[in-house]
Amino acid sequence: MQKKIHLIYRRIPNRVLERDDEVVADLGDVIVTRSRFEGMLAPLKVNGVKVIDNGYTMVYFAFVGENYDILKVYDEEGNFRGLYIDVLAYTRREGNTLEMLDLFLDIFVFPDGDAFLIDEDELEMALNYGLIDRETFDFAYSVAREILRKLKRGEFPPEVVWRY
């Protein structure tokens, strides 16, 4: 019987996505799961390139206590498409449940290392509509900038990401 973990993925103001993922490895503070992209209304394109679509698979890495998660994305043929990184307010774990709060900003890293900050418009709108405060806005950017700096220096993603 394959172990599952329950993910609760919150988005401001009140969107909640829940799913049960197949656990690949439970390392305590790092949980590795596998799942498939389904129900997308349109493929995600970054810099004009389709990087995520329905039927693609992901190896998902949740880092308890960190402000990001990482999705290793593969197309239907199993080709590695890149890393999708969500900027998060928090990642918490209670038993078999993981909960995260998404802060809109995301980073996509192509296999060649080119990285793109995405969804800045969503973060800007959340601020303009009063869904988040300036502190949260600044926090999201500081997390994203730190990840981009570490990517450039070869210190990101954590080594565990290449093991699965």
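Preceding this paragraph is the structure being described.
Calculation rules
Residues numbered from 1 in each chain as written. Predicted model: local features only at pLDDT ≥ 70, side-chain atom pairs only at ≥ 80, totals over all residues. Heavy atoms only, no water. Helix = DSSP H or I, 4+ residues; strand = E, 2+ residues; numbered from the N terminus. Rg over C-alpha atoms; globule rule 2.2 N^0.38 Å. Buried < 20%, exposed > 50% of the residue type's maximum accessible area, 1.4 Å probe, protein only. Contact = heavy atoms within 4.5 Å. Areas by Shrake-Rupley, 256 points an atom, 1.4 Å probe, with all protein chains shown as cover. Core = buried A, V, L, I, M, F, W, Y, C linked by side-chain atoms within 4.5 Å.

Visitor: Mind showing me how you'd approach the overall build of the protein here?
Guide: Assigned secondary structure in the protein consists of two helices and 10 strands. Order of helices (α) and strands (β) in the protein, N terminus to C terminus: β-β-β-β-β-β-β-β-β-β-α-α. For the protein, whose C-alpha radius of gyration is 15 Å, the value lies close to the compact-globule estimate of 15 Å for 164 residues. Overall, the protein is about 45 × 35 × 35 Å in size when its C-alpha atoms are taken along their principal axes. Counting over 164 residues, the protein shows a buried share of 44%. Pairs at least 24 apart in sequence give 46% of the contacts found in the protein among residues at least 6 apart. Total accessible area on the protein stands at roughly 8,800 Å², and carbon and sulfur atoms take up 48% of it.

Visitor: Got a minute to help me understand the nonpolar core in this structure?
Guide: Generally speaking, a soluble globular protein has its nonpolar side chains buried in company with each other. Counting residues in each nonpolar core, the largest one holds 33 residues, and the members touching the most others are F61, F63, I70, I85, L123, I132 and I147. Here this core gets seven residues from one element, more than from any other, and that element is helix α2 (residues 134-152). Among the nonpolar cores identified, the runner-up in size contains 22 residues, and Y9, F37, M58 and L88 belong to it.

Visitor: Can you help me understand unusual backbone geometry in this one?
Guide: Of the consecutive residues I12 and P13, the connecting peptide bond is found in the cis state with omega at 5°. Omega for the bond connecting F156 with P157 falls within 30 degrees of zero, at 5°, which places this linkage in the cis form. Topologically, P157 is positioned in the segment after α2. One non-glycine residue, F104, lies in positive phi territory at about 75°. If you trace the backbone, F104 turns up in strand β9 (residues 97-109). Given a relative accessible area of 6%, F104 falls into the buried group. The phi dihedral of D119 falls on the positive side, at around 65°, and the residue is not glycine. Following the sequence through the fold, D119 ends up in the loop between β10 (115-118) and α1 (120-128). Residue classification places D119 among the partly exposed positions, given a relative accessible area of 21%.

Visitor: Looking at this structure, I do not really get the environment of D112. What am I missing?
Guide: With respect to the helices and strands, D112 occurs in the loop between β9 and β10. Separated by 30 residues in sequence, D112 and G82 have C-alpha atoms that sit 8.6 Å apart.

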